[in-house]
Amino acid sequence: MILVVGGAGYIGSQVNKQLNKDGFDTVVFDSLVTGHKWAVKWGEFVKGDLANLDEIRALFNKYKIEAVVDFAAFIEVGESVRDPQKYYYNNLVNTLNLLKVMGEFKIGKIIFSSTAATYGKPLYDQIEEGHPQWPINPYGWTKLMIERVFTDYDVAYGLKHVALRYFNACGADISGEIGEDHNPESHLIPIILDVALGKRKEIKIFGTNYKTRDGTCIRDYVHVEDLASAHILALKYILGGGKSKQYNLGNGIGFSVREVIRAVKKITKKEFVVVEGERRMGDPAVLVALSKRIKKELGWEPKYTKIEDIVESAWRWHRKKYKT
């Protein structure tokens, strides 16, 4: 049995689906504070909170857990700056609770949802795993601290882990069954789709004078199904006796804000208001992943590398969500 912590969320639900398709038995453990019960259509579900050690122990007593895939975290960068205590307790302390119970039950394998935010302000455009890690917000620090904890626990207790550092997760399940539904929404593509549907008045571009091909920021957008396939590969690797690893997950292809907006207009066939604004503090001009390590070592290859294909999957889900 594979435990998917936070498996009712955007990426966790997609991984849970893929695990079941690949023949794994799963149990999802989620507080539903940000996740959605409707997204858990595969495996079993237990509502619970990592803040409660007794609930975690009851889960491990009931199910014979072989490994853990962990997505449980608050992810809003701005909120982490305003309320760091919330993030350090939820993201860091609660993960320590999970690891404590895993140790009690002698479960020594975990796949961890990390982030490119651990790198902080990039020193160069394409980031490989060896890039210095110095986060610029509490959210990034919580993830980096957990990576450090894993390293120490590996040395002391033999905990084997794979930390997957996502760049910009995007898109939706190709079948349209599940997709992105954050509240509040902070990701660029669903925000632009909201504008296309008339749910928002306009889309604002923050900065148009960067040293990029069209003056707007460039980011690496990686489809949620490609993220899911990486988790499956990482899980099979760790179950097969693999050593602890850290991997970037990105397409290695950057798209500018203007290019994403054009793709949305093309796919939706809708015109909408685009407003040009000032830069936001801390936004790097280019943030693109080098994911050569996971491609070479685990054979991962992203399928969705065209921004139009990514937007089309998100648009299909977005219309279903709003019943349009």
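Quantities reported herein were computed from a predicted structural model and do not represent experimental measurements.

1. Digging into the nonpolar core
- The biggest cluster of nonpolar side chains holds 32 residues, and the ones touching the most others in it are Ile11, Leu19, Ile111, Leu164, Leu235, Leu249 and Ile294.
- Elements supplying a minimum of two residues to this core: β1 (2-5), α1 (10-21), β4 (67-70), β7 (160-166), α7 (224-239), β11 (245-249) and α9 (292-298).
- In terms of residue count, the dominant contributor to this core is α7 (eight residues).
- Each residue touching Leu235, except ones within four places of it in the same chain, is listed here: Ile2, Leu19, Phe24, Ala67 and Ile111.

2. So, the domain arrangement of the protein chain
- The domains assigned to the protein chain are domain 1 (2-169 + 222-249) and domain 2 (188-220 + 252-322).
- Each of domain 1 and domain 2 has a C-alpha centre, and these two points are 25 Å apart.
- Between domain 1 and domain 2, the residue contacts involve 25 residues of the former and 24 residues of the latter.
- When domain 1 packs against domain 2, the two sides together hide about 2,300 Å² of surface, and 61% of this comes from carbon and sulfur.
- It is His223, Asp226 and Tyr247 in domain 1 that bury the most area against domain 2; as a group they hold 24% of the surface buried on that side.
- For the pair domain 1 and domain 2, the number of links is one salt bridge.
- In this structure, the connection of domain 1 to domain 2 is made through 15 residue pairs in polar contact (both at pLDDT 80 or more).
- Elements with a minimum of two residues in the side of domain 1 that touches domain 2: β6 (126-127), β10 (218-223), α7 and β11.
- Ranked by residues supplied to the side of domain 1 that touches domain 2, first place goes to α7 with seven residues.
- Class assignment for the residues of the side of domain 1 that touches domain 2 results in 13 nonpolar, six polar and six charged.

3. Quick notes on the side chain of Asn91
- Turning to its location among the elements, Asn91 is positioned in helix α4 (residues 84-104).
- With relative accessibility at 0%, the residue Asn91 sits in the buried group.
- Of note is the side chain of Asn91, whose polar atom sits 3.2 Å from the side chain of Thr142.
- Contacts of Asn91, omitting those with residues within four sequence positions, involve Ala73, Phe74, Tyr139, Thr142 and Ile146.

What counts and what doesn't
Residues numbered from 1 in each chain as written. Predicted model: local features only at pLDDT ≥ 70, side-chain atom pairs only at ≥ 80, totals over all residues. Heavy atoms only, no water. Core = buried A, V, L, I, M, F, W, Y, C linked by side-chain atoms within 4.5 Å. Buried < 20%, exposed > 50% of the residue type's maximum accessible area, 1.4 Å probe, protein only. Helix = DSSP H or I, 4+ residues; strand = E, 2+ residues; numbered from the N terminus. Contact = heavy atoms within 4.5 Å. Domains from an automatic or database assignment. Buried area = accessible area lost by both parts, 1.4 Å probe. Salt bridge = Lys/Arg side-chain N within 4 Å of Asp/Glu carboxyl O. Polar contact = N/O pair within 3.5 Å; in protein donor to acceptor, adjacent residues only side chain to side chain. Nonpolar A, V, L, I, M, F, W, Y, C, P; charged D, E, K, R; others polar.

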